[in-house]
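Spelled out from the first residue to the last, the chains are:
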Amino acid sequence: MDEKQITLKTKALKYFLRFLAVMLVLTFASRAIYAYQLPRVLVTSMKHTTLNYQIKSNGTVQTTNELPLYAVPEMRIAEVCVKNGDTVAEGDVLLKYDTAYLEDYIAKLSRQIETLTLTRSDYYTAQAWNNAKILTFQIEDEQKKLETYQKVLDDGAVMTSTANGMICSVNVTAGNFTGETAGFLIADLSQDLYYTAEITEEESELLFAGDLVNLSFRGGNVMLSDCEIQSVNKISDGVYMVEIPLAPSEVTIGEIGQMSVKVMSDERYDCIPLEAVHENGDQHYVYLVEESEGFLGTEYHISVRNVVVTEQNDSYAAVQDSGLTSEDKIVIYTNKELYEGQVVRMN
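Describing the nonpolar core
Here is step 1 of the chain: Core analysis: the largest hydrophobic core is formed by 27 residues, its most contacted members being Leu94, Leu95, Tyr97, Tyr149, Met159 and Phe184.
Here is step 2 of the chain: Elements that contribute at least two residues to this core include exactly β7 (93–97), α2 (99–125), α3 (129–154) and β10 (184–187).
Here is step 3 of the chain: In terms of residues, this core owes the most to one element, α2, which gives 6 residues.
Here is step 4 of the chain: If we ignore the near neighbours within four places in the chain, the residues touching Tyr149 are Val72, Pro73, Glu74, Met75, Leu102, Tyr105, Ile106 and Leu109.
Here is step 5 of the chain: Membership of the second largest hydrophobic core comes to 25 residues, among which are Val213, Val242, Met259 and Val261.

The following block contains the structure:
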């Protein structure tokens, strides 16, 4: 073999090796591009554990005794002097009556009594004893009203509190007339306080009398820990009321606070993160990542598995009869839509 032939073979070998190197680079580049275009997924595994439930509900501080306070009926109101949450003592002014209206009303009653008295005299003269007797009853009623309104005027045309406490309801308005119902409700501060909050029917199945909860008031500046639930009672369809007695503290009647408690399930469940569970109508399913051998080596592809969700909290869902094991790789995140058999890459 001459020198020229050796040179040609050497060059051919070099070109061939270069060709192989280029093909290798292209293969790796192709694989990288292929892998880059695949959906990226994060996976987790199922675990057998209990479920923790976080129950939160806003409620109000109340008292065990609320006293109704009644205004003189049929009087026009000039000014309401208190509002919800005000603390009052016996004798404090709650409202002011319209003095001009009250004076006119007294004058009207006086004239009416005079008219009834004259008419009764005529009945006596005519010996209409039954009619005279009826008018006597009317005159007595009007006279009592006149005495009541005259006393109100003499006392300054105001309504005052007859008890010490906190105003928890104001049912009168300036410019309107008083009626037969209570104008105010006043909470007796000497009585015990309690906290009430509404919860759902599902939450009522987790909370019971004797359970301990935490209460937070004033944006978390006042915290009451380990407060014992006294009762959980149904008040309407799907709505239950929790009552909690309160020991003496900074909170007062009418304050709004938040009840919070963590409740642990009695049973242990096969649990997966909520973000792994998908819905299609009433059906729930998860995506699993399974291994297979492909053209470029080991590949990961998607398998869809139906599951039955029996319980769930804010983070986890309990599943049953799913056939899942702790070895299964369950997708909790993907950057693209997934489908059965789709090849993916795991982060």
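Points about the side chain of Asn313
Here is step 1 of the chain: Structurally, the position occupied by Asn313 is in the loop between β20 (297–312) and β21 (316–320).
Here is step 2 of the chain: At a separation of 2.8 Å, a polar atom in the side chain of Asn313 contacts the main-chain amide nitrogen of Ser315.
Here is step 3 of the chain: Among the polar contacts made by the side chain of Asn313, one reaches the main-chain amide nitrogen of Tyr316 at a distance of 2.6 Å.
Here is step 4 of the chain: Sequence-distant contacts of Asn313, that is, excluding residues within four places in its chain, are made with Leu51, Asn52, Tyr53 and Leu274.

Thoughts on the packing of α2 against α3
Here is step 1 of the chain: Axis separation between α2 and α3 bottoms out at 9 Å; the angle between their running directions is 160 degrees. Relative to α3, the element α2 lies roughly antiparallel. As for the relative orientation of α2 and α3, their crossing is left-handed in sense.

Details of the pairing of strand β1 (residues 40–44)
Here is step 1 of the chain: Across 2 bridges, β1 lies against strand β23 (residues 343–346) in parallel orientation. Paired with Val41 across the strands is Met346, a residue of β23.
Here is step 2 of the chain: As paired strands, β1 and strand β22 (residues 329–334) are joined by 4 bridges and run antiparallel to one another. Each residue of the ladder has a partner; that of Val41, found in β22, is Thr334.

Let's talk about the pairing of β20
Here is step 1 of the chain: Inspection of the sheet shows β20 paired to β23 by 2 bridges, in the antiparallel sense. Bridge pairing links Tyr300 to Val344 in β23.
Here is step 2 of the chain: The sheet contact formed by β20 and β21 spans 4 bridges and is antiparallel. By the bridge assignment for β21, Val309 is matched with Val319.
Here is step 3 of the chain: With antiparallel pairing between neighbouring strands as the criterion, β20 and β21 make up a hairpin whose turn holds 3 residues.

Some thoughts on a negative patch on the surface
Here is step 1 of the chain: Together, Glu201, Glu202, Glu205, Asp266, Glu267 and Glu311 give the surface a local cluster of negative charge.
Here is step 2 of the chain: Along the polypeptide, Glu201 turns up in helix α4 (residues 201–204).
Here is step 3 of the chain: According to the relative accessible area criterion, Glu201 is partly exposed, its value standing at 35%.

Overview of the environment of Asn306
Here is step 1 of the chain: Note that Asn306 resides in strand β20.
Here is step 2 of the chain: Taking the C-alpha atoms as reference points, Asn306 and His278, 28 residues apart in sequence, are found 9.4 Å from one another.
Here is step 3 of the chain: Setting aside residues no more than four positions away along its own chain, Asn306 makes contact with Gln283, His284, Tyr285 and Ser322.

Regarding the pattern of salt bridges
Here is step 1 of the chain: Enumeration over the complete set of coordinates arrives at 6 salt bridges.
Here is step 2 of the chain: Of the charged contacts, one joins Arg76 and Asp98 as a salt bridge, the two residues approaching to 4.0 Å between their closest N and O atoms. Here Arg76, found in the loop between β4 (66–69) and β5 (77–80), pairs with Asp98, found in the loop between β7 and α2; they are 22 residues apart in sequence, far enough to count as distant.
Here is step 3 of the chain: By relative accessible area, Arg76 is classed as partly exposed at 30%.
Here is step 4 of the chain: For the salt bridge of Glu255 with Arg218, the shortest nitrogen-to-oxygen distance reads 2.7 Å. Note that Glu255 is positioned in the loop between β15 (239–246) and β16 (256–264) and Arg218 in the loop between β12 (212–217) and β13 (222–228), a separation of 37 residues in sequence.

Here is what the cut-offs are and how they apply
- Residues numbered from 1 in each chain as written.
- Predicted model: local features only at pLDDT ≥ 70, side-chain atom pairs only at ≥ 80, totals over all residues.
- Heavy atoms only, no water.
- Core = buried A, V, L, I, M, F, W, Y, C linked by side-chain atoms within 4.5 Å.
- Buried < 20%, exposed > 50% of the residue type's maximum accessible area, 1.4 Å probe, protein only.
- Helix = DSSP H or I, 4+ residues; strand = E, 2+ residues; numbered from the N terminus.
- Contact = heavy atoms within 4.5 Å.
- Polar contact = N/O pair within 3.5 Å; in protein donor to acceptor, adjacent residues only side chain to side chain.
- Axes fitted to C-alpha atoms, helices over the stretch in contact; angles between N-to-C directions.
- Parallel < 35°, antiparallel > 145°, perpendicular 65-115°, else oblique.
- Left-handed = near helix turned anticlockwise from the far one by under 90°.
- Pairing = 2+ DSSP bridges.
- Patch = residues over 30% accessible without salt bridge, like charges linked within 9 Å, V, L, I, M, F, W, Y side chains within 5 Å.
- Areas by Shrake-Rupley, 256 points an atom, 1.4 Å probe, with all protein chains shown as cover.
- Salt bridge = Lys/Arg side-chain N within 4 Å of Asp/Glu carboxyl O.
- Lys, Arg positive; Asp, Glu negative; His and termini not counted.
- Charge placed at Lys NZ, Arg CZ, Asp CG, Glu CD.

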